[in-house]
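A structural walkthrough
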Amino acid sequence: MSVFTTVLARDLRLAIRQSADSLTVVAFFAIATVLFPFGVGPEANILARIAGGVLWVTALLAALLSLDRLFAVDFEDGTLDQLVLSGVSLPMVVLAKVSAHWLTTGVPLIVISPVLALTLHLPMEGYLPLLLALLVGTPTVSLIGAVGAALVLGTRRGGVLLSFLVLPLYIPILIFGTAAVEAATTGMGFTPMLSVLGGLMILALTLSAWATAAAIRQAVE
Amino acid sequence: MPCTPGKNLKEINSTTWILLCYGPPMVGENFTAQEFSGSGLACRRGGRLVFEGLQFAVPRGGALVLRGANGSGKTTLLRLMAGLTPAAAGQLAWNGAPVEDAEQHAASLRFISHLDAIKPALTVTENLNFWAALWGGGQIPHALQMLGLGHLAAYPARLLSAGQRHRLALARLLVAPAPLWLLDEPGNALDDSSLAALTQAIADHRARGGMVIVASHGAAFVSDGNTLDLGTFAPTNTAHWSDT
């Protein structure tokens, strides 16, 4: 088996055995989203207006919850040392771990998002762009988050530091993700926004693994 | 030739099998590296010079025991030898040629530290399988047998005792061959029979041309290795506390 599939298979198996971690992320996403109708009021047209933005913001925060454990556990128990010493390509290990993170947190968020959109009265034509934007945008969330997660390894209160590092970088995803939903609900085409999100994903895909690997090498020193 | 209890197992009797397992290793998998050495090594941790001017050389089949008080830099030196920690000065060399490709260097060593890299949610076999797949090995039943973990193969690693966890970490040495073993206090938490198994594993490894560098306070695990006392490489005065 290649390095990628070996690490991916192990991380997926661990995530399934410790499924509480993934469920926490989904539960946070659901609860945080459902708070908005209570806070903003039940008026359907106001909720419909903010639905896209609310779902994206809560999805980003939910993903952030899981990110600080992405490398921290492996760092604390010495697995990262051994991975660095395995003589295998570290960026490939990183890509595998990020893929596993996306499959176990990003995908569940995408799956549950239409149900939550229902509670926010999202107009019917907004569902498809919401799902597509999440599908293209959440891998970037995991990829950028991985760089931050590797940089804060070994620091105290790394989770808080991580949000300072990573959340500003999520702003482009948030803008274009929300814009895709809004464009569709106001009767305009949403493909340009998806293209931008796709471009961001490709950019993150090419840079993130190497940056993360470099940060991991720093951390294990 | 590694002992792989597989389909051939039925055809040979158990005595033969034990001989195959624990008998002298055959010529085929001998290691070829002639020497692993370091010269002029210095290491700085948090602005403090831990040691300087350190030299060592381990010949093929040789062993080196690192001694020194707590904080004298045994673990730091092992991490430096592994390539995890960069040296402030000096260099490591294989057969006299300086180490340049970090990945290639990493692939020719196994490092056992006090961090065991064991996932409690995976079974004993799954834990080893992962590293065997990554390193291209596959002698898992043999490795587990050797360290007395055979009967626990299907157990989740979270149920293991401290000593058993450590034995599982040590089993990584045996799943895929690598010429250089770096062992940091490998005797911690081990019972007598495990200590004997580890001593035997080290002897086997050296017999086929492997090298062992072990940091240890207590048992040395090697009968005839050289000893390196880190105390003699400690910086001589406090001027090294500078933040340069």
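Conventions and cut-offs
- Residues numbered from 1 in each chain as written.
- Chains lettered and ligands numbered in written order.
- Predicted model: local features only at pLDDT ≥ 70, side-chain atom pairs only at ≥ 80, totals over all residues.
- Helix = DSSP H or I, 4+ residues; strand = E, 2+ residues; numbered from the N terminus.
- Buried ≥ 20, exposed ≤ 12 C-beta atoms within 10 Å, placed from the backbone.
- Contact = placed C-beta atoms within 7 Å.
- Pairing = 2+ DSSP bridges.
- Axes fitted to C-alpha atoms, helices over the stretch in contact; angles between N-to-C directions.
- Core = buried A, V, L, I, M, F, W, Y, C linked by C-beta atoms within 7 Å.
- Left-handed = near helix turned anticlockwise from the far one by under 90°.
- Nonpolar A, V, L, I, M, F, W, Y, C, P; charged D, E, K, R; others polar.

**Thoughts on the overall build of chain B**
- When you go through chain B residue by residue, the secondary structure sums to seven helices and nine strands.
- Across the 244 residues of chain B, 37% fall into the buried class.
- Residue pairs in contact within chain B that sit at least 24 positions apart in sequence constitute 75% of those at least 6 positions apart.

**Description of the sheet that holds strand E2 (residues 48-59) of chain B**
All names here are of chain B.
- Spatially, E2-E1-E4-E5 is the arrangement adopted by the four strands of the open sheet, whose pairing is antiparallel. The strands lining the two open edges of the sheet, one partner per strand, are E2 and strand E5 (97-98).
- Direction of pairing for strand E4 (residues 89-94) relative to E5: antiparallel, over a ladder of two bridges. By the bridge assignment, Trp94 is partnered in E5 with Ala97.
- Packing of helix H2 (residues 74-82) onto the sheet brings it into contact with strand E1 (35-45), E2 and E4, and relative to E1 it is tilted by some 125°.

**Observations regarding the interface of chain B and chain A**
- With 22 residues of chain B in contact, the opposing surface of chain A contributes 20 residues.
- Put simply, the parts of the chain that give the side of chain B that touches chain A at least two residues each are helix H3 (102-107), strand E6 (109-112) and helix H4 (124-135) of chain B.

**Concerning the nonpolar core**
- Counting residues in each nonpolar core, the largest one holds 137 residues, and the members touching the most others are Ala133(A), Ala180(A), Ala171(B), Val175(B) and Ile213(B).
- Per-element tally for this core: the top contributor is helix H7 (residues 127-151) of chain A, with 13 residues.
- Dropping the residues within four chain positions of it, Ile213(B) is found in contact with Val58(B), Leu64(B), Leu66(B), Leu78(B), Met81(B) and Leu182(B).

**Remarks on the environment of Arg165(B)**
All names here are of chain B.
- By secondary structure assignment, the location of Arg165 is in helix H6 (residues 162-175).
- Residue classification places Arg165 among the partly exposed positions, given that 19 C-beta atoms sit within 10 Å.
- Sequence separation of Arg165 and His205 is 40 residues, and the distance between their C-alpha atoms is 22 Å.
- Excluding residues within four positions of it along the chain, Arg165 makes contact with Asp116, Ile118, Ala157 and Leu160.

**Re the pairing of E4(B)**
Residues and elements named next belong to chain B.
- As defined by bridge partners, E1 adjoins E4 across five bridges and the pair is classed as antiparallel. By the bridge assignment for E4, Ser39 is matched with Gln91.
- As consecutive antiparallel partners, E4 and E5 are separated by two residues, and within that stretch Asn95 has a phi angle of approximately 50°, a positive value.

**As for the packing of H4(B) against H6(B)**
All names here are of chain B.
- Running from amino to carboxyl end, H4 crosses H6 at an angle of 35°, the nearest separation of the two axes being 10 Å. Here H4 and H6 pass one another in a crossing that is right-handed. The segment H4 lies against H6, with Val124, Asn127, Leu128, Trp131, Ala132 and Trp135 engaging Leu168, Ala171, Arg172 and Val175.
- Residues belonging to the contact of H4 with H6 are distributed by class as follows: eight nonpolar, one polar and one charged.

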